[in-house]
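Breakdown of the fold
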Amino acid sequence: MARNRGRHAAQRAATTATGHRRRGGLRSTRYRRGLGGTAIAAVVMAALTASQAPGVELGGDHDDGRSGAASDRTPGDDSYETELPPLESPHPPGASEPGAGGESGIPASVLAAYKKAAKSLASRTPGCGLRWELLAGIGKVESGHARGGAVDKEGTTLRPILGPVLNGQGFANIKDTDGGRWDSDADYDRAVGPMQFIPSTWDRWGADGNGDGRKDPNNIHDAALAAGDYLCAGGRDLSTGADLDRAILSYNNSSDYLRTVLAWYEFYRKGTHAVPDRDLSVLPTAPGLGESGGGPDKGSPERGGKGPGKGGGSDDKPNKPGNPGGGNNGGNNGGGNPGGGHENPSPSPEPTKPHAIKRVGAENLTAVAGENFAARPAVKVVTSKGKAVKGVKVRFAINGKTEATFQGGGKSETVSTNADGVATAPALSAGSRTGSFTVNATVPGKDLGKVGFTASVTAPKADTLARTSDVVLEAAKNAKFAHAVEVKATRKGKAVANTTLTATFGQDAKAGPYFGKDEQGDPIRNLTDLKTDANGVVKLPDLFADDQTGTYTLTLTADGGATLEVKLVIKG
């Protein structure tokens, strides 16, 4: 049974009301099922509720838009206890005494991690409304802010913070899921780190909050970001009372836990300040924090002995965030069940953090020089369950020797995913240079890999051939045509330079106009490899008439298929 050893002002108020004022420290109080415990708890919680900001209620059984948040779930263990904050308003930062403000102080490194995680989530999941003070409230209850800020410069705890062995003896029975990697126990799991994740849950929700390329539950930056992701899961809006309650209960399905976290949450919202790391004055006085270091002490419920908790995370807490998998049926499913000490726990919310980036549409893109690509690179960002993630920033970058740019002239663009989790790059302009290049899509700051697109720029091909003059082409027998044939190749109205044309009177033509004679003296009636100039114009060689009168057709064909028929007349 956990004990409340806190010097709580609410208890002072209770004892004063009955005429029994005490000096100095207060006696331990246990909230139990029973008339005496209920009466004391009612007085304490009534006073605590009265101290909150206007409109804020503790718990989930008030009719203020939060009703049902707690009552619609299987309740947690009613014997659950932990230290509550003092009712007095915290001293403001800058008080004259070092560490002034008592319980309102938060170790500097840990405070920075809470704020950084909340800021990151505000940009990734803006609809969640997570405040850093909520992470602080949970971090206070779970580990006393990483045991008073006992972390190194990277934010990793100096000693492991471990919950009890989850071997079914007073806690959940969770067989080992990580080979002892995180909890140094190859037989059973234990909750790990300052935010107390069991290994199987960390495998699903783990995050890299400090950008070192690792996801470590012992690192306060990683753990705080993962806890934020978990609290925001399922599309919750934590600015509403009901979703706030549900989020906390998903971390630990206990009404006492909900009240305790909410109390610290509101306490920190009134004001807090940084204190030096490893300041033990910020630790709760009540037992129940995750143990630092080695195995549990025998017989002590605070060190993993037989206790009331079924969900098992950290000593006196029946259900953990990471033991939203810590129940009779939980823990080995990778995501866990919130409220894990019960036979029919509610399902864990789906993760909402980005897990993978996938290609949408074609991998190979083509365009003609001087034009835009018809298709645009697009990717989809999904969770580990394949659900779309909205609002994730995706960076598209052009790589290779090319004149291609995105609309606007840039070589890279960042686009946020839409409601379907899809980010589509701006239109690509091919430029005038032919060749191939790649477009890579990545999610900055996240190890989701990259998706590549191959883009090819080809030379333009004419879609139209036309004569540059409408003069009639005619000649007398055995005479030279007065005018040469001249044509222009265009594509979408623009001249196509250096494109190839053929000119023929027909492969089997034996009479009519001809382009001079070959070395054997035979008339040339077919030409290949004619090239347009920079203006898209090609002028054919001089034409001659034989002695066969009539109207003849010269067919010109451009690379790409555009054709033109030109009429020539030999007069008698």
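Note: the structure precedes this text.
Description of the structure in this document. (Residues numbered from 1 in each chain as written. Predicted model: local features only at pLDDT ≥ 70, side-chain atom pairs only at ≥ 80, totals over all residues. Heavy atoms only, no water.)

Remarks on helix H8 (residues 255–270)
What counts is decided by this rule: Only DSSP runs of H or I with at least four residues qualify as helices, and only runs of E with at least two residues qualify as strands; both kinds are numbered from the N terminus onward. To estimate the expected span of a helix, count its residues, drop one, and scale the result by 1.5 Å. Think of it in three bands: residues with accessible area under 20% of the maximum for their type are buried, residues over 50% are exposed, and the middle band is partly exposed, with areas taken using a 1.4 Å probe on protein chains only. Any N or O atom pair separated by 3.5 Å or less is treated as a polar contact, with the protein-specific requirement of one donor-capable and one acceptor-capable atom, and with residues adjacent in sequence counted only for side-chain atom pairs.
Here H8 contains 16 residues, and its C-alpha end-to-end distance of 23 Å stays within 8% of the 22 Å for a straight helix at 1.5 Å per residue. Summarising burial for H8: twelve of the 16 residues are buried, a large majority. By the burial criterion, the buried members of H8 are Asp256, Tyr257, Leu258, Thr260, Val261, Leu262, Ala263, Trp264, Tyr265, Glu266, Phe267 and Tyr268. Its side-chain oxygen placed 3.4 Å from the backbone nitrogen of aspartate 256, serine 254 serves as the N-cap of H8. Glycine 271, located one to two residues past H8, shows a positive phi value of around 150°.

Thoughts on the environment of threonine 528
When you line up the elements, threonine 528 lands in strand E20 (residues 526–531). Once the C-alpha coordinates of threonine 528 and leucine 556 are considered, the two residues, 28 residues apart in sequence, prove to be 9.8 Å apart.

What about the state of the cysteines?
Using the following cut-off: The disulfide criterion used throughout: a pair of cysteine sulfur atoms within 2.5 Å.
The tally for this structure, following the rule as stated, stands at one disulfide. The partner cysteine of cysteine 128 in its disulfide is cysteine 232, sulfur to sulfur 2.0 Å. Taking the sign of the S-S torsion, -80° for the link of cysteine 128 and cysteine 232, the bridge is left-handed. Here cysteine 128 is found in the loop between helix H3 (108–124) and helix H4 (132–149), whereas its partner cysteine 232 is found in helix H6 (residues 220–232), with 104 residues between them in sequence.

Some thoughts on unusual backbone geometry
As a rule of thumb, non-glycine residues mostly have phi less than zero, and peptide bonds are mostly trans rather than cis. The backbone of arginine 147 shows a phi angle near 55°, a positive value even though the residue is not glycine. Of note, arginine 147 is situated in helix H4. The phi torsion at aspartate 529 lies on the positive side, around 60°, for a residue other than glycine. Take aspartate 529: it is sitting in strand E20.

So, the sheet that holds strand E13 (residues 435–442)
Adjacent strands of a sheet pair through backbone hydrogen bonds, lying either parallel or antiparallel. Stated precisely, the cut-off is as follows: By the convention used here, strands pair only if DSSP detects at least 2 bridges between them. Axes here refer to lines fitted to C-alpha atoms; in helices the fit is confined to the stretch in contact. Angles between the N-to-C directions go from 0 to 180 degrees.
The strand order E6-E14-E13-E8-E10 describes an open sheet built from five strands, whose pairing is mixed. Looking at the sheet topology across the chains shown, the edges are occupied by strand E6 (364–368) and strand E10 (412–416). Within the sheet, the average angular offset between the axes of one strand and its neighbour, ignoring direction, is 25°.

Comments concerning the packing of aromatic side chains
This is how it is decided: Centres within 6.5 Å make a pair out of two Phe, Tyr or Trp rings, where for Trp the six-membered ring is used; the pair is then stacked when the planes are under 30 degrees apart, edge-to-face when over 60, and tilted otherwise.
Enumeration over the complete set of coordinates arrives at nine aromatic pairs. Geometrically, the ring pair formed by phenylalanine 505 and phenylalanine 515 is tilted, given 5.9 Å between the ring centres and 40° between the ring planes. You can see phenylalanine 505 sitting in the loop between strand E19 (500–504) and E20 and its partner phenylalanine 515 sitting in the loop between E19 and E20, a full ten residues away along the chain. Across the pair, exposure class does not vary: phenylalanine 505 and phenylalanine 515 are buried alike. Ring-pair connections join several aromatic residues into one group, and the members of that group are Trp205, Tyr230 and Tyr251.

Section: the sheet that holds strand E23 (residues 563–571)
Within the open sheet, the five strands sit side by side as E16-E23-E22-E19-E20. Their pairing is mixed. The outermost strands of the open sheet, each flanked by one partner alone, are strand E16 (474–476) and E20. Across the sheet, the mean angle from the axis of one strand to that of its neighbour is 20°, orientation sign disregarded.

Here's the deal with the pairing of strand E17 (residues 486–491)
In this sheet, E17 lies alongside strand E15 (residues 464–467) in antiparallel orientation, the contact comprising four bridges. Across the sheet, the residue bridging to leucine 465 is alanine 489, located in E17. Bridge analysis of E17 against strand E21 (residues 537–539) gives three bridges, and the strand direction is antiparallel. Within E21, the position partnered with valine 487 by the bridge is valine 538.

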